[in-house]
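# Understanding the architecture of this molecule
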Amino acid sequence: MTAYFIRRLLLMIPTFIGITFVVFFTMRAAPGGPIEQARQAKMAQMQQQGGAGGGASATAGQPDGEEALTPGEEARLMKEYGISDNILADYGRWIANVVRLDFGESNIYGIDVLKLIISKMPISIFFGLISMFVIYAVCIPLGLMKAIKHRGFFDNASSLLVYFGYAIPGYALGALLVVFVASNWQLLPLGGFVSENFASLSFGARVVDLIKHAILPMCCYLIGSFAFMTMLMKNQLMEQMSADYVRTALAKGVSYKRAIFRHALDNSLIPIATTFGNQISLLVGGSFLIESIFNIDGIGMLGFTSILSKDYTVVMGVLAISATLQLLGNILSDLCVAAVDPRVKFG
Amino acid sequence: MKRPQFSPITKMRFARFKSIKRGYYSFWVLLVLTLLSFVGEVFINNKALIVKYEGKVYFPILRSIPGISKQYKGKDFGEDYTYETKYRELQGKWKAADSENWILMPLIPYSAGESDPIDMKALRVQEAQLANQLTQDLAKLSRDPSDAVILAEKTNVLQSTKEKEVSRLFKEAFHPLPPNSSTKHYLGTDKIGRDILARLVFGYRIAIVFSLVLMLFSYGIGVTVGCAMGYYGKWVDLLVQRIIEILSRVPFIYVIMILITIYERSFGLLLGLMVLFGWMGITWQMRTATYREKARDYIMAARSLGASNARIIFVHIIPSTISLLVTFIPFSISGAIIGLTSLDFLGFGLPPGTPSWGELMKMGTENMDSPWIVSSVVGAMVLVLFLVNLVGEAVREAFDPKKFTTFE
C-alpha cells in the first residue's frame, strides 16, 4: 500500500509537467506577449512625444512596430521575462525555478507571483470552508431524511429543490440574484468582498458586513454541490439499507433506528469521504464566473485577468499551484477511502 | 429481408422509460420545443407570412431561405424603395389607410438579429404636444394676476414637470424595452433593441445543435478510444490514461482564451476545442465497461470459436455497452449547453452577434435596471435544463434500475 502511494506521488511529476507544458506552449504560441506589450507601450510613448513636438513631422516619421524597440532593449526585455527562441529551454528554466518555489515576478503588478497568489488565498479559503461546512451539515441530514422517507411527501418536495439545483448553474443564479436581490430590491450589496469603509467599522459591524457580502456568492457556490451531495447521500444510504446485512440486523431484532444509524449510515458515508481529499484545492479554489459577477477579487479572477493581460508568470503560477493541489487532493481522497474502508486495498 | 429488431431487453427498457411519466413527458416537451425552434422563422420573423397586394397573394416567408430566390423589394408592393420590404411598417400603413391590401405577420414580427427601430417621428410629435401644453399652461399662468415670486415658482414647477415627462417619454421609448404585448416584444428587448424572445429561441436552436454535434464527436472518439483501451489494455491503456489525466486537468478555459486571440471566434473552432477537452469522460466509462465485458465468459466463448477482434468488438462489446452510453446522453447535452452559455457569457464563445443565452445574460448583468433580460434568459435556461435532467433521470432509471428495499 505504501508502495502504491509512493508510485502515485511519483506519477504526479509527469502529469504536472504535461499540464503545465500544454498551457505554456499555447501561451507562447499566441501573439501579444510582454515583448509586444513593451513595444506597443514604447510606440504609444513615441507617438505622444511626436504629437507634442509638431503635427507634420510626427505623421511623417511614424515608427514602425518592429523598430520601436532597439535590438538591445529587446534582448534585455527577453532576458528579463525569460523568453528566448527556444520554447523547450524556457520551459525547462521555468520548471527548474518552480522546483525552488520561484514563480517569477508578475509583469503587471511587478511583485512576486507566489506572494500575489497567497494574498488572494484568504478569500478562497473563506468561501471554501463555509461552503464545505454548509454542504456537509445540510446535505448529509437531508439525504438521510430523503432516504428514510423515500417517495414520501418530504422526499418529493425536497427533490424539487434538488432538481432546481441541478438545472441552474451557479453563475446564472448569481446573475439573477445580483439583478433582483442586490440591484432592484437593494436588500444586499451588489458585490465586492467587503465594503469600502470596512477598516473603519467596529468588530461587530465588520462581521455583519462580511456576512452581507458573502450571502449571495455563497448561494451560487453552494447550489451545484448541494444537489449533487444530497443525491449522493440519499442513493448511498438507500443502497446500504437494502443490503443483506441490514436485513439480517433487522431480522435479529435490532431496532430500525439502530439499523440505520449504527449500520447503514456508517457505510454510506464512505463515498462522501472520497470527496474530502479534494477539499485541499479550496486553498486556491474559486470560480471566476461567480467572482466576476460579484466583483470579488479572488484567485479565479486573478487567473482570468492575468490571461487577458498576458501576464504569463501569474497564469503559470496559478496553474502550477492549483494543478499540484488537485493532484495531491486525488491521492488524499484515495487515502481517505483506504482509511475509512478497511476492505479497500490499493496496489 | 429481415427487419432490424430490438432485443427484448431494449424493448423492456423503452417500456420502463415510458412508464416514468415525468421523464417521458419531459422528453416530448423538449422534442417539440426543439422542432419548433427549427422552424422558428415561421413564428419569429420580420418577413411577412402572406401579403395580399392588388389581388395577388405573395409568400415572402418562403423567400427567407438564402440563395433560393430574391426577396421582395419595396417597389414590388408599391413602395418607393428598392431594398427589402419593411413589412411591419407596410402593414401599419395599409391598415391605417384601410386599404384592400393586407399583410399577415408572424406571431413575433421581429427577427433575432434585427434591432427594432425607434419611431422618432411619433416621439417628436409627443414631445411637441408636451411643449405645446407647457406654452398653453404658461399663457394661462401669466393671465393669472398674482405676485411675481409665486409666478416664477409656478413656472419653474411647470417647466420641470414637462422636462420630467419628456425624459420619461424618451426613456420608455428607448431600448431596452420592458415586456409588452402591444409592441409585440413579449419578453422585451435587449440593449440594442433586439427582441429577447427571438434571441432566446434562436439561441436555443444554436445551443442544441451545438451540443448534439459535440456529443456525436465526443462519443465517437470516446467509444473508439475507450474500447481500444479496454480491449487491448497494456501500454495502450497506460498511455491514453496519462493523456486523459493531463488533458482533463488542463484548465480548458485558459486554452480557449489564449487561442481566441489567435484565431477568429467560430462555431467550428469552439466545437473543436470542446471536443478536444470533452472526450475523456465517455472514454473512461467506455474503458471500464469494455474491461468488464471482456472478462465475461461469452467473449471467451466467441474467441475460442475463432471470432476476430473486430467481430468481438463490433458485434459483442459495443452493442452490450450501448445502454451505458444512452444514459449519459442527457447529461452530456445539459453539460454542453451550460458550457457554451458560460463561454458566451465570458465573451469567448460563438462569434459576436450570434443569438446566445450567455451573451444575453452578460447584457442582463450589465443593465440592472432592465431585470427582464436576466429573468427571461435564466428562466429559459432553467426550463430547458430542468426538462433535460428529468429525461436523464428517467433514462438512467429505465436503463439501470436500482431496486431499493424500503422498510415500513
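Residues numbered from 1 in each chain as written. Chains lettered and ligands numbered in written order. Predicted model: local features only at pLDDT ≥ 70, side-chain atom pairs only at ≥ 80, totals over all residues. Heavy atoms only, no water.

Looking now at the domain arrangement of chain A. All names here are of chain A. Splitting chain A by domain gives domain 1 (2–99) and domain 2 (113–340). Distance between the C-alpha centres of domain 1 and domain 2: 37 Å. Contact between domain 1 and domain 2 buries roughly 1600 Å² in total, counting both sides, with carbon and sulfur atoms accounting for 79%. Sorting the residues of domain 1 by area buried against domain 2 places Phe5, Met12 and Met27 first, and these three jointly supply 34% of that buried surface. Between domain 1 and domain 2 we count one salt bridge in total. Looking at the side of domain 1 that touches domain 2, the elements with two or more residues in it are helix H1 (2–29) and helix H2 (34–53). (Domains from an automatic or database assignment. Buried area = accessible area lost by both parts, 1.4 Å probe. Salt bridge = Lys/Arg side-chain N within 4 Å of Asp/Glu carboxyl O. Helix = DSSP H or I, 4+ residues; strand = E, 2+ residues; numbered from the N terminus.)

Residue and element names in this part refer to chain B. In the contact formed by helix H6 (residues 196–232) and helix H14 (residues 371–399), the axes pass within 11 Å of each other and the chain directions differ by 30°. With respect to H14, the axis of H6 lies roughly parallel. Relative to H14, H6 is oriented so that their crossing is right-handed. Facing Ile196, Leu200 and Tyr204 of H6, the residues of H14 in contact are Trp372, Ile373, Ser376, Val377, Ala380 and Val384. Each residue belonging to the contact of H6 with H14 can be placed in one class, and the counts come to eight nonpolar, one polar and no charged. (Axes fitted to C-alpha atoms, helices over the stretch in contact; angles between N-to-C directions. Parallel < 35°, antiparallel > 145°, perpendicular 65-115°, else oblique. Left-handed = near helix turned anticlockwise from the far one by under 90°. Contact = heavy atoms within 4.5 Å. Nonpolar A, V, L, I, M, F, W, Y, C, P; charged D, E, K, R; others polar.)

We now examine the sheet that holds strand E2 (residues 56–58) of chain B. Residues and elements named next belong to chain B. Strand order in this open sheet of three strands is E2-E1-E3, and the pairing throughout is antiparallel. Where the open sheet ends on each side, the last strands, each with one partner, are E2 and strand E3 (102–104). Each strand axis lies, on average, 15° off the axis of its neighbour in the sheet, ignoring direction. Each of strand E1 (50–53) and E3 is contacted by helix H3 (residues 87–96), which is oriented at about 135° to E3, the strand it contacts most. (Pairing = 2+ DSSP bridges.)

Residues and elements named next belong to chain B. The tally for this structure, following the rule as stated, stands at 18 salt bridges over all chains. In this structure, Arg296 and Glu293 form a salt bridge, with 3.4 Å as the shortest nitrogen-oxygen distance. With a closest N to O distance of 3.8 Å, Glu393 and Arg396 form a salt bridge. With Glu393 and Arg396 both in helix H14 and three residues apart, this pair spans about one turn of that helix. Residue classification places Arg396 among the partly exposed positions, given a relative accessible area of 39%. One salt-bridge network, held together by shared partners, links Asp190, Arg194, Arg199 and Glu359. (Buried < 20%, exposed > 50% of the residue type's maximum accessible area, 1.4 Å probe, protein only.)

Counting buried positions over the 10 residues of helix H13 (residues 357–366) of chain B gives seven, a clear majority of the element. Looking only at H13(B), the buried set comprises B:Trp357, B:Gly358, B:Leu360, B:Met361, B:Met363, B:Gly364 and B:Thr365. Tucked inside the fold, the buried residues of H13(B) contact helix H8 (170–184) of chain A together with H6, helix H12 (309–346) and H14 of chain B. Where H13(B) starts, the residue carrying a side-chain oxygen 3.3 Å from the main-chain nitrogen of B:Gly358 turns out to be B:Ser356. (Polar contact = N/O pair within 3.5 Å; in protein donor to acceptor, adjacent residues only side chain to side chain.)

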